[in-house]
Amino acid sequence: MSSVADVLAVAEQAENNTQSANTPTPANNEPLLWSEIQQIIVNNINSAPRSLQKTIGPSELGTDCVHCLAAKLAGWKQIKGAAWLPFIGTCVHEHFERLFTQLSQSKGLDYKVVTEGPAYPRFETEKRVNVGLLRSYQEPMVISGSIDLVDYEHHATVDWKIVGTTSLKNAKANEPSQQYRVQASLYGIGLENEGIRVDKNCIYFLPRTSMNLGDMYAWEVPFNRELGEWALWRAQWILQLLGLLEINYQGTDVRDAWISRLPRSTTHCFDCGTWADSGLAQEFGDLSKVEIDEHLLMLADLIPATFNRDEWHKLNKIS
């Protein structure tokens, strides 16, 4: 018979073999921890104020996608996953917020505006402003937002855009999109609503994939109220039409079907595939079966997708 020591040795070897067989290795097993860690990250992204925001803001009013603008104004629910790329931008914004706040709180006059009165901080981060009030069928809609950075010395608004290679190239070749330019204009209007002087709008496109910050693109122009005023006017017009449709047709079916038939962006729209009429939500129903009067479809063609300065001046009788 084997000794007790031999028996124990055999048992220990068998246990070691079993543990070796059950121990996961990267070569033949899926990651064990990532699923839980990923969900923690996703939950954090989805619970951020940006993800929870439902009311339309200055960053959306300038879109050239009439369909998405109307859907947002109507309060349609968007179907989105965790917005990873915007989250990267949020992280950069938060760092810059801390940086410029620290500069504003520093001693001395390096980052102060010196006047005849007391000196005050040159920079203010995440400045909340109300840019306008839209009147809808149900209740007034306050349009407000946060300016990334206000430079009181140069009377300027600053907006950070953390972008990929394609967006950076497009900005350099064609200047910022209408959506970005309208956003900047609305921020200026918000400051002027508080009696604050605004001379300049700045949008800084910072490369998300480059190792060199020098690859960025800086856009600085004189403040232009017209773009923001046009965007508020267009949104108000759409809201009035949506309200009339809801009242006259006693419900939202015709209204939603009309929205679904509105023109979409001719360039690229990140939101078009996030709405219920994209087929992602079965409970929305089949809008194609809802009959729309031809005159209503003609109204849709009258909503401008892009700002036309001459047409805007004619509308407002500006010479």
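Scroll up for the structure.
Residues numbered from 1 in each chain as written. Predicted model: local features only at pLDDT ≥ 70, side-chain atom pairs only at ≥ 80, totals over all residues. Heavy atoms only, no water.

Student: Please explain the sheet that holds strand β7 (residues 217-222) as it appears in this structure.
Tutor: What the 5 strands build is an open sheet, ordered β3-β4-β5-β6-β7; its pairing is mixed. Looking along the sheet, the strands with just one partner apiece sit at the ends: β3 (123-134) and β7. Each neighbouring strand pair of the sheet contributes to a mean axis angle of 35°, computed without reference to strand direction. Note: strand β6 (residues 200-207) against β7, 6 bridges, orientation antiparallel. Its bridge partner lying in β7, F205 is registered against Y217. Sitting on the sheet, helix α7 (residues 178-193) touches β3, β4 (141-151), β5 (156-163), β6 and β7, and the angle it makes with β3 is about 90°. Of the strands in this sheet, β3 and β4 touch helix α8 (residues 225-248), which is tilted by about 40° from β3. (Pairing = 2+ DSSP bridges. Helix = DSSP H or I, 4+ residues; strand = E, 2+ residues; numbered from the N terminus. Axes fitted to C-alpha atoms, helices over the stretch in contact; angles between N-to-C directions. Contact = heavy atoms within 4.5 Å.)

Student: Please clarify how the pattern of salt bridges should be interpreted in this entry.
Tutor: Charged atoms that come close allow side chains of opposite charge to pair. Applying the stated criterion to the full structure yields 12 salt bridges. As a salt-bridge pair, E226 and R309 come within 3.6 Å of each other at their nearest N and O atoms. Linking E226 in helix α8 with R309 in helix α11 (residues 309-315), this pair joins segments that are 83 residues apart in sequence. For E226, a relative accessible area of 15% corresponds to the buried category. Between D256 and R255 there is a salt bridge; the shortest N-O distance is 2.8 Å. For the pair shown, D256 and R255 are each scored as buried. Linked through salt bridges whose partners overlap, the residues forming this network are R122, D151 and E153. (Salt bridge = Lys/Arg side-chain N within 4 Å of Asp/Glu carboxyl O. Buried < 20%, exposed > 50% of the residue type's maximum accessible area, 1.4 Å probe, protein only.)

Student: Please explain helix α4 (residues 66-73) as it appears in this structure.
Tutor: Every α-helical turn comprises 3.6 residues, leaving residues that sit three or four positions apart pointing alike. A large share of α4 lies buried, amounting to 8 of its 8 residues. For α4, the set of buried residues is V66, H67, C68, L69, A70, A71, K72 and L73. Check the buried side of α4 and you find it contacts β3, β4, α8 and α9 (253-260). One or two steps after α4, the chain reaches G75, where phi turns positive at roughly 85°.

Student: Sorry if this is basic, but what is going on with the environment of A82 here?
Tutor: Counting through the fold element by element, A82 comes out in the loop between α4 and α5 (84-105). Residue classification places A82 among the partly exposed positions, given a relative accessible area of 34%. Expressed as a C-alpha distance, the spacing of A82 and N46, which sit 36 residues apart in the sequence, is 6.0 Å. When residues no more than four places from it in sequence are discounted, the contact partners of A82 are V42, I45 and N46.

Student: Sorry if this is basic, but what is going on with a nonpolar patch on the surface here?
Tutor: Taken together, L32, L33, W34, I37, I41, W84 and L85 make up a surface patch of nonpolar side chains, about 750 Å² in accessible area. Secondary-structure elements contributing two or more residues to the nonpolar patch are α2 (34-46) and α5. For the nonpolar patch, the leading source of residues is α2, giving 3 residues. Along the chain, the position of L32 falls in the loop between α1 (4-22) and α2. Given the relative accessible area of 65%, L32 is considered exposed. (Patch = residues over 30% accessible without salt bridge, like charges linked within 9 Å, V, L, I, M, F, W, Y side chains within 5 Å. Areas by Shrake-Rupley, 256 points an atom, 1.4 Å probe, with all protein chains shown as cover.)

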